[in-house]
Amino acid sequence: MKMMPRSIAEELFIKFCESYKKRDLEAALKLFTKNANMWGSGLDEYRVGLKQIEEQLKRDWSQAEKGEISILSFVPTSLDALWAAAVCKAKITVDGKEHIFDHLRGTVVIEKEDGVWKISHTHASFPDYRNTENGSFPVGEA
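It should be emphasised that the depicted structure is a prediction, and the values quoted were computed from it without experimental measurement.

Novice: Help me understand helix α3 (residues 49-62), please; the structure alone is not making it clear to me.
Specialist: Each α-helix turn comprises 3.6 residues. Residues three or four places apart therefore point the same way. Over its 14 residues, α3 extends 20 Å from the first C-alpha to the last, a length consistent with the 20 Å expected when each residue adds 1.5 Å. Of all the positions in α3, only Gly49, Ile53, Gln56, Leu57 and Trp61 are classed as buried. The arc that holds the buried residues of α3, viewed along the axis, is 140°, so those residues lie on one side. Counted as exposed and oriented over 90 degrees from the buried face of α3: Lys51 and Ser62. Looking at the buried positions of α3, the neighbouring elements they touch are α1 (8-22), α2 (25-30), β1 (32-39) and β2 (46-48).

The structure is reproduced here in structure tokens:
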């Protein structure tokens, strides 16, 4: 089976997932611009700059023994797109129990910093499970 070429944004997305799984803080932080921002799935997860991103990664890793983000599929884009989006699955082990979170949605935006492509924005979210089937808003019966 022939592999399709990946965009730079997709490659950076993959590298982030790898460093997250390995808990390699140095490798993860090297992927981000100095003023990058990270939006996570937690209510308070809006981070700006490398220091806050570092704090977020350390917080994630302190709350789980293991964590892995698997990319299930990328949203099709051109090879020169400055963003990548994917549907993912997260496997997180907390207190010895593995939790699987389907339908994780991830996005990265990239830009050049000092001649190197890096992540300038990342966003991860889950669907709002309060929505009814075929409902767009979590307000009860559609």
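Further notes follow.
Novice: I keep staring at the pattern of salt bridges and nothing clicks. Help me out?
Specialist: A side chain with one charge may pair with a side chain of the opposite charge, provided their charged atoms come close. This model, assessed by the stated rule, comprises 12 salt bridges. Linking Glu68 and Lys21 is a salt bridge whose minimum nitrogen-to-oxygen distance equals 3.6 Å. Of this pair, Glu68 sits in strand β3 (residues 66-74) while Lys21 sits in helix α1; the two residues are 47 residues apart in sequence, bridging distant segments of the chain. Given the relative accessible area of 22%, Glu68 is considered partly exposed. For the salt bridge of Asp114 with Lys34, the shortest nitrogen-to-oxygen distance reads 3.4 Å. On the criterion of sequence distance, the pair formed by Asp114 in the loop between β5 (97-113) and β6 (116-125) and Lys34 in strand β1 is long-range, its members being 80 residues apart.

Novice: Could you clarify how one ought to interpret the side chain of Ser19 in this entry?
Specialist: Here Ser19 lies in helix α1. The buried category is assigned to Ser19, whose relative accessible area is 4%. Here Phe16 takes part through its backbone oxygen, which lies 3.0 Å from a polar atom of the side chain of Ser19. Contact partners of Ser19, with chain neighbours within four places excluded, come to Asp24, Ala27, Ala28, Leu31 and Trp61.

Novice: Looking at this model, I keep getting lost on the packing of aromatic side chains. Mind explaining?
Specialist: Think of a pair of aromatic rings as described by two things: how far the centres are apart, and how the planes are tilted against each other in angle. Applying the stated criterion to the full structure yields 6 aromatic pairs. Taking the centre distance of 5.8 Å and the plane angle of 85° together, the rings of Phe16 and Phe32 count as edge-to-face. Taken as a pair, Phe16 in helix α1 and Phe32 in strand β1 lie far apart in primary sequence, 16 residues in all. Note on Phe16: relative accessible area 11%, which makes it buried. Between Phe101 and Phe126, the ring centres sit 5.7 Å apart and the planes meet at 50°, which makes this aromatic pair tilted. On the criterion of sequence distance, the pair formed by Phe101 in strand β5 and Phe126 in the segment after β6 is long-range, its members being 25 residues apart. You can call Phe101 partly exposed: its relative accessible area is 37%. Phe126 sits in the partly exposed class, given a relative accessible area of 29%.

Novice: Is there a simple way to think about the sheet that holds β6 in this case?
Specialist: Within a sheet, adjacent strands bond to each other through the backbone by hydrogen bonds, running parallel or antiparallel. Pairing is mixed across the open sheet formed by 6 strands, whose spatial order is β2-β1-β6-β5-β4-β3. One side of each edge strand has no neighbouring strand; the edge strands of this open sheet are β2 and β3. For this sheet, the mean inter-axis angle between neighbouring strands, taken without regard to orientation, is 25°. In this sheet, β6 lies alongside β5 in antiparallel orientation, the contact comprising 9 bridges. Pairing of Glu111 across the sheet is with Lys118, part of β6. Packed onto the sheet, α3 meets β1 and β2 and runs at close to 50° relative to β1.

Conventions used here
- Residues numbered from 1 in each chain as written.
- Predicted model: local features only at pLDDT ≥ 70, side-chain atom pairs only at ≥ 80, totals over all residues.
- Heavy atoms only, no water.
- Helix = DSSP H or I, 4+ residues; strand = E, 2+ residues; numbered from the N terminus.
- Expected span 1.5 Å × (residues − 1).
- Buried < 20%, exposed > 50% of the residue type's maximum accessible area, 1.4 Å probe, protein only.
- Arc of directions from axis to C-beta.
- Contact = heavy atoms within 4.5 Å.
- Salt bridge = Lys/Arg side-chain N within 4 Å of Asp/Glu carboxyl O.
- Polar contact = N/O pair within 3.5 Å; in protein donor to acceptor, adjacent residues only side chain to side chain.
- Phe/Tyr/Trp six-rings, centres within 6.5 Å; stacked < 30°, edge-to-face > 60°.
- Pairing = 2+ DSSP bridges.
- Axes fitted to C-alpha atoms, helices over the stretch in contact; angles between N-to-C directions.

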